[in-house]
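Commentary on secondary and tertiary structure
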Amino acid sequence: MTHSLVKVSFVLSLNALLCLVSCREGPYVAQKVARQSSRSEYDVRDCESDDPYLPETVVPTDHLLKKLREEMRLQDVDAYVIPYTDAHQSDYVADRDQRVKFISGFSGTSALAIVTRNRDYVSRNKAALWVDAKYFIQAKQEMDCNWLSMEIGEENVLDPEDWLTGDTFEDSEDEHAQLPDSAKIGFDPRLFDIITYTEWNETFHESPRNIKMVPIRLNLIDEVWEELVNGEENLPEYPGEELIPLEKAYTGRTWQSKIFYDDPNEDFDYTVRQIMNKKKADALIIHKLDEIAWLFNLRGEDIPYNPLFISFCIIMRNEIRLYMWEGTRRTDRVRYKDVYEHLGLGCTTGTTCISLRGYMDFYPDMASLGRSSRRIWHSNEAPFAIYDSVREINRIEEPSPILLMKAQKNDQEILGMKSANIKDSVALCNLFGWLQEKMDGMDDTVMDRGNINYLSEKMVREESLLIRRSLWQEVYHEESFPTISAFAEHGGLLQYNVTDETNLPIHFNKIFLFESGGQYKEGTTKIARTFYFGKPSEKMIDAYTRALKGHMQLLMANFRSGVFGRELEGIARQPLWRNGLDYKYATGHGIGHFLTVNEGPAQIGIGYQEREYEYEQPIYEGMFFTNEPGYYEEEEFGIKIGNAMYAKRAQTDYQFDKYTYLEFEVISLVPFEPNLIDYRTFTREEVRFYNHYVQRIRDEIARNSKLSTRGREWLEGKTYKIEIEQECRWRYSNAAQRHPHIAVTVLSIVVTLFFFSM
């Protein structure tokens, strides 16, 4: 009897131990593969040592800065400001407007360069470039030692206007521009927005040093550029490619009904001219390309990653003027009959006709209009050149009304955005099925070290483009931003664009981060997924799980009308904050409808920064956003979980004080990475949400006829539901070969039978 009790006790103890091990091991056990480290650090410049080091990716700028300072001497300015933008404040710019890249070598976005010219001592000349957190490393990989890298948000890094206003050389400790008193700051008024101009001017006026801003119509970078390429005719040109008219089936609304009522079958509350009447505006100036493209239901190919065309627009009570680059050629009645008819260019009289004008005619017309007695409405973010053209007494300086009209998608646009994201999800499941097949086909050597000719960062990016084009060529246009295909330490960069020089082989036991998006005729997409092939570390699992929990909790949030995105931001970060983790970017930004992937006027960002949020709007029904928490560890790895979602009316039993209540619906349907999830930390609500999400993937993506066999196999292996067990809290219900609980159960039965047979 005692012997039997001992056997029973031993068996129960062993089974309990096995269950405990299976729970602690995690719900998804992968092969154990020896770690093989990649490069341990980034290849960046070293300007501090006696023998400075410059990587091969650096662009030399000595001769360019010398020529620029000569142009500055001719214009009698002490500093010259070069913003990364074009005349329309675009997020991405055409090659023709890559002035920051030309003068500094830096190829990223969100940058501002300042070059100084000391009138007495050449050795005191400076050049500085302000970049945000996404580009800290990239700036040091591309700029030579002529340039200071000013990392926005870092300790002791001054804002540009404070850097310019700092002490003279005699009084400074080399932390400022060291300009003389009464220095002149030159800038191109077509590229400098009103908000920045106003802020800088206030800083300069508060300073006793009498520093002044001087608008220069002649762009000094262009002067240097033209000399280098032997004439303006050899500068890059805007593509001026064929325009794409969008039918009402895509837009839900004709361009005529956006400006004035024309179709009695359309039921919309307001038009541009109605809003202008309320503001008592005689003319509305539109300089933003996405607003013009949306307004006229027209797309182009002049800007990388954004289906836009170079143009300005002026809407008046009795006239509509469209100033388009190469407009006459691109709307030719014979060659491009569809565009000609779409814009109704045969119309010659009346207040509903479009007057097509040359792009270069805009500023002369603007000057003439500005001298009139008409009240002129322009955006508070417009270029200084527009602001300066209008008499103050006639100026209405407020956000463009189109900004909010465009952000609130109508029913047809919502359907299109959903359709585009379904298409993109299918394409990415096919891509990740291909990736899994490549990983499964690795031999031991490739698993440990990789083979750049077998599988690399660049190959994954190229395959993603190929799959999207081949699947959806009738509606697919291009990427919505440069795809981030980042393995190992490259994932630790917030912004990474793989090149031949930086390309890494992909292998086991490192994190792979993939972030990508597409421009479809139906809508714009963006998504991010993180993978680990092998056995991840506890920190990786913890960081990924917390990012996923924050992602789900934001999607489960209900909120009332009038709530700003910044008030929801903490929901997504809370799980990471609980363990001392975070990320250096906004959780979510707006997404356009076959427009820009980064759209205002609402976003889901942390804190309150006066410049960034001054004209922010609350979240409205029909707005689309990204939801992308993550965690980045420099020189180690990066984690991001990103989906597209939109705000819709929530079903509630009550309604407080006439508020409407909203919630988010996710429209990206691609599995998460079970290998990086600790399901034991999930709450019951999170389990329900997770199971509902994977069921949607199986219902809406797995049954799609365009899903490949390997894409379907990959999807099915990643979308098993979480089940509740008595012994262990949660169980990931996966296939036997990848599920430790099944193996543990079998082993437990064998052990039990063996002992009781003794």
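In this report, we go over the structure that sits alongside the text. Please read all numbers here as calculations on a predicted model, not as lab measurements. (Residues numbered from 1 in each chain as written. Predicted model: local features only at pLDDT ≥ 70, side-chain atom pairs only at ≥ 80, totals over all residues. Heavy atoms only, no water.)

Quick word on the sheet that holds strand β4 (residues 148-151)
In space, the six strands of this open sheet follow the order β4-β3-β2-β1-β5-β6, with mixed pairing throughout. What marks the edges here is a single partner per strand, and that holds for β4 and β6 (212-215). Each strand axis lies, on average, 25 degrees off the axis of its neighbour in the sheet, ignoring direction. As defined by bridge partners, strand β3 (residues 127-131) adjoins β4 across four bridges and the pair is classed as parallel. Within the sheet, the bridge partner assigned to L129 lies in β4 and is S149. Sheet strands in contact with helix α6 (residues 194-206) are β1 (79-83), β2 (111-116), β5 (184-187) and β6, and its direction is about 145 degrees off that of β6. (Pairing = 2+ DSSP bridges. Helix = DSSP H or I, 4+ residues; strand = E, 2+ residues; numbered from the N terminus. Axes fitted to C-alpha atoms, helices over the stretch in contact; angles between N-to-C directions. Contact = heavy atoms within 4.5 Å.)

Here's the deal with the pairing of strand β23 (residues 599-604)
Extensive coverage of β23 is indicated by the burial of five of its six residues. Two strands pair when backbone bridges link them, and strand β22 (residues 588-590) and β23 are joined in this way by three bridges, in the antiparallel orientation. When the bridges of β23 are listed, G588 appears paired with I604. (Buried < 20%, exposed > 50% of the residue type's maximum accessible area, 1.4 Å probe, protein only.)

Considerations on the packing of helix α2 (residues 62-75) against helix α7 (residues 220-228)
Relative orientation of the contacting elements α2 and α7 amounts to 125 degrees, with a least axis distance of 9 Å. Comparing their axes, α7 and α2 come out oblique. α2 and α7 meet at a crossing whose hand is right-handed. Between α2, through H63, L64, K67, L68, E71, M72 and Q75, and α7, the contact on the second element is made entirely by L220, I221, E223, V224, E227 and L228. (Parallel < 35°, antiparallel > 145°, perpendicular 65-115°, else oblique. Left-handed = near helix turned anticlockwise from the far one by under 90°.)

With respect to the sheet that holds strand β16 (residues 484-487)
Ordered in space as β16-β17-β20, the three strands form an open sheet in which the pairing is antiparallel. Edge positions in the sheet fall to β16 and β20 (527-532), since each of these pairs with one other strand and no more. Between one strand axis and the next, the sheet turns through 10 degrees on average, direction left out of account. When strand β17 (residues 511-516) meets β20, the two strands line up antiparallel, connected through six bridges. Bridging from a neighbouring strand, F512 pairs with F531 of β20.

Section: a negative patch on the surface
Residues E241, E242, E247, E301 and D338 make up a contiguous surface patch of negative charge. With respect to the helices and strands, E301 occurs in the loop between β9 (298-299) and β10 (311-316). (Patch = residues over 30% accessible without salt bridge, like charges linked within 9 Å, V, L, I, M, F, W, Y side chains within 5 Å. Areas by Shrake-Rupley, 256 points an atom, 1.4 Å probe, with all protein chains shown as cover. Salt bridge = Lys/Arg side-chain N within 4 Å of Asp/Glu carboxyl O. Lys, Arg positive; Asp, Glu negative; His and termini not counted. Charge placed at Lys NZ, Arg CZ, Asp CG, Glu CD.)

Notes on the layout of surface pockets
Its boundaries defined by the atoms lining it, the second largest pocket holds a volume of some 720 Å³. R96, R99, R190, Y359 and M360 are the residues nearest the centre of the second largest pocket, which is lined by 29 residues in total. Mapped onto the lining of the second largest pocket, the elements with two or more residues apiece are α7 and α14 (362-370). For the lining of the second largest pocket, the per-class residue count stands at 14 nonpolar, two polar and 13 charged. (1 Å grid on protein atoms, 1.4 Å probe; cavity = no way out; pocket = protein on both sides within 12 Å on 5 of 7 lines; lining within 4 Å. Points joined across faces, edges and corners; volume = space filled by probe spheres on them. Nonpolar A, V, L, I, M, F, W, Y, C, P; charged D, E, K, R; others polar.)

Re the packing of aromatic side chains
Counted under the stated rule, the structure contains 41 aromatic pairs. Pairing Y476 with Y520 gives two aromatic rings, centres 5.3 Å apart and planes at 65 degrees, and the pair type is edge-to-face. Highlighted residues: Y476 in strand β15 (residues 476-479) and Y520 in strand β18 (residues 518-520), separated in sequence by 44 residues. For the pair shown, Y476 and Y520 are each scored as buried. Taking 6.3 Å as the distance between ring centres and 10 degrees as the angle between the ring planes, the aromatic pair formed by F531 and F533 counts as stacked. Put simply, the rings of F187, F192, Y197, W200, F204, F384 and Y387 touch in pairs and so form one group of aromatic residues. K423 extends its terminal NZ or CZ atom over the ring of W472, reaching a point 5.3 Å from the ring centre. Across the ring face of Y585, the terminal group of K640 is positioned such that the distance to the ring centre comes to 4.4 Å. (Phe/Tyr/Trp six-rings, centres within 6.5 Å; stacked < 30°, edge-to-face > 60°. Lys NZ or Arg CZ within 6 Å of the ring centre and 35° of its normal.)

Concerning unusual backbone geometry
Of note, the amide linkage connecting G600 to P601 takes the cis form, showing an omega dihedral of 5 degrees. Here P601 shows up in strand β23. Phi at N297 takes a positive value of approximately 50 degrees, unusual for a residue other than glycine. Note on N297: relative accessible area 2%, which makes it buried. A positive phi angle, near 50 degrees, is found at F594, a position not held by glycine. By secondary structure assignment, the location of F594 is in the loop between β22 and β23. F594 gets classed as buried once you look at its relative accessible area, which sits at 2%.

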